[in-house]
Amino acid sequence: MLVIALLGLPATQGTDGGATPADAVSGLVVLYCAIRVVRERRRPLSRTAAVVIGMPVVGLAVAAVGASSPAAGLGGLGRYLQIFVLVPASVVLLVRDRRDFRVLAWAFVAFAGFQGAVGVHQYATGTGASYQGEEIRAVGTFGPADVMGMATVVCFGLMCAVGLALGATASRQRTVAACCALALLAPLAVSFSRGAWIATAAACALQLVLAGMRRALKVGAVVAACAVILVGGLGVGSAMFQERISSIGQVTDAPDQSVTDRYTMWAAATDMWSEHPLTGVGLKGFPEHRDGHASLALSSGSDTEGAGAAYRKQPLLSPHNMYLLVLSEQGLIGLVALGGSWLALLVCGLRGLVRVRRGRTPDGLDCALVACGLLIWQLIDFLYADIGGPATVLTALAFGLVAWWALVGGDEAPRASTR
C-alpha cells in the first residue's frame, strides 16, 4: 500500500530514470520477506511457484554477463529482478488470502482514480503535457517525460474495477466498481495513448467473455450507451481525439513521426537479435547499439514539455516493445525464459478461473477476473511499450497479484496464512 501511495508524489522534472521513493520501499519489502523466510526456516513457495517466478533469472544472468560493462549488467539485472522476480514473489508471500487480494485491487482502483482526476484536470485546464501544440495531454503526477505513466496506472485500475464489477458477490461492491470503471474511461481517453486504448479494449472484452456471455452482452450494451453519451453528448470526441483514433488504422499508409520512430527502432532491435540470436547484445545494450542498426528515418528524440516542465528532447533509448527489447538484449534464451514465465502465469490463472466457475459458490471470481485482466492487458500493452519510468514498480505489484492468484489463490482450497 505504501509503495502505491509513494507513486503519487510528483515526478522530479529533468531527471532521466533513477530510483524513486516507491522503488526504495519496494526494496525494503523484498528485504523484509527475505528476513522472514530466513527466520521461519521453511520453504516459502511451492516448487511450481519457485520455478515459474524464477524462470527469468536464467536469461537475465546470461544477458548480464554479456553486457558492455559490469555496471550496465548489474544495473539491468537488478531492475529486471525487481520487476519480474523479487517484488512479485514478495507479493505472493505477503498476500494471505482473497480478502488481502481484494484490498490491494481496490488500492489500484483508488490510485487510478487519483491519477485520473489529476489528468482530467490537466486536460480541462490546459496544464497537461504538450500534444500537437496544446498542453492538454493527461499525464497525472508523472510529468511529460513519462507520458505513459498515468495511462498505465489508469488501465491497471480499470482492469481491477472491471474484474470486481463482474465477479464480486456483494451488489454494492459491484455497483461501486462499475462506477469506478466508467469514470476511469475519461482519463484514459485524454491520455491520448493509442497502445493503452487497444490493450484496454481487448483485455476488457476478454474479461467480459471470461465472466460469461450473458453478462458480457449486458455490460457491452451499457458501455456502448456510455460511449455514445461521452462522444456525442459531452463532446469528448473532439476533432483531436477523433484524429488520434483514426491514426490507429493509418500507421502503414501515412504514419506520423512517432510511429515511424517506433517502426525504425523495432527494425533495429530485430537486426541486433539477428547478429546475436541466443544471448542478445547484453542488458542495457539497446541504446549503445541503436545507431549502428537504425535507419536515417529515426529522429533524434521526442519533444516533451508542459505539465510544469520546460521543453526538452527526450532520447529514444528503447524500442517501445517489450518483446523486442528482451529479444535484442537477452536473445532467445531471455525471451523464452521471461515469456515462458508469463505464459505459465496465464495458464495457471485461467485454470484457477475455471475452477472457481465450476465451484458451488462464486467466491473468488472477482479475483480471477482481476488477475487475468491485469496479465492480459500487460501482455498486449507490451506490444507497444516496455518497462521504464516511475510507474514500473506498479507493474511489479500487478505481476505479484497475478502470480498470487495463478500459483496460490486459484487453488480449490486456498492456502492458510503464511504470516
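Reading guide: rules and limits
- Residues numbered from 1 in each chain as written.
- Predicted model: local features only at pLDDT ≥ 70, side-chain atom pairs only at ≥ 80, totals over all residues.
- Heavy atoms only, no water.
- Patch = residues over 30% accessible without salt bridge, like charges linked within 9 Å, V, L, I, M, F, W, Y side chains within 5 Å.
- Areas by Shrake-Rupley, 256 points an atom, 1.4 Å probe, with all protein chains shown as cover.
- Salt bridge = Lys/Arg side-chain N within 4 Å of Asp/Glu carboxyl O.
- Lys, Arg positive; Asp, Glu negative; His and termini not counted.
- Charge placed at Lys NZ, Arg CZ, Asp CG, Glu CD.
- Helix = DSSP H or I, 4+ residues; strand = E, 2+ residues; numbered from the N terminus.
- Buried < 20%, exposed > 50% of the residue type's maximum accessible area, 1.4 Å probe, protein only.
- Axes fitted to C-alpha atoms, helices over the stretch in contact; angles between N-to-C directions.
- Parallel < 35°, antiparallel > 145°, perpendicular 65-115°, else oblique.
- Left-handed = near helix turned anticlockwise from the far one by under 90°.
- Contact = heavy atoms within 4.5 Å.
- Phe/Tyr/Trp six-rings, centres within 6.5 Å; stacked < 30°, edge-to-face > 60°.
- Expected span 1.5 Å × (residues − 1).

Things to note about a positive patch on the surface
Move 1: Positive charge collects at one region of the surface, where Arg-174, Arg-214, Arg-215, Lys-218 and Arg-357 lie side by side.
Move 2: Looking at the positive patch element by element, the count peaks at three residues for helix H10 (residues 213-233).
Move 3: Here Arg-174 shows up in helix H8 (residues 171-189).
Move 4: Judged by relative accessible area, which is 31%, Arg-174 ranks as partly exposed.

Section: the packing of helix H14 (residues 322-358) against helix H16 (residues 392-409)
Move 1: It is at 8 Å that the axes of H14 and H16 come closest, and there the two elements cross at 55°. The angle between H14 and H16 places the two elements in the oblique class. Here H14 and H16 pass one another in a crossing that is left-handed. For the pair H14 and H16, the contacting residues are Trp-342, Leu-345, Cys-348, Gly-349, Gly-352, Leu-353 and Val-356 in the first and Phe-399, Val-402, Ala-403, Trp-405, Ala-406 and Leu-407 in the second.

Structural notes on the packing of aromatic side chains
Move 1: Counted under the stated rule, the structure contains 14 aromatic pairs.
Move 2: Centre to centre, the rings of Phe-108 and Phe-156 are 6.2 Å apart; their planes meet at 65°, and the pair counts as edge-to-face. Of the two residues, Phe-108 sits in helix H6 (residues 98-125) while Phe-156 sits in helix H7 (residues 147-167), which places them 48 residues apart along the sequence.
Move 3: Look at Trp-342 and Phe-382: their rings are 5.3 Å apart centre to centre, the planes differ by 35°, and that puts the pair in the tilted class. Note that Trp-342 is positioned in helix H14 and Phe-382 in the loop between helix H15 (365-381) and H16, a separation of 40 residues in sequence.
Move 4: Through successive ring pairs, a cluster of aromatic residues spans Tyr-80, Phe-84, Tyr-323, Trp-342, Phe-382 and Phe-399.

Quick look at H15
Move 1: Between the first and last C-alpha of H15 there are 24 Å, a value that for 17 residues agrees with the 24 Å anticipated at 1.5 Å per step.
Move 2: Burial analysis of H15 places 17 of its 17 residues in the buried class, the great majority of the element.

Regarding the environment of Val-408
Move 1: As for its placement among the helices and strands, Val-408 is situated in helix H16.
Move 2: Sequence separation of Val-408 and Arg-98 is 310 residues, and the distance between their C-alpha atoms is 9.9 Å.

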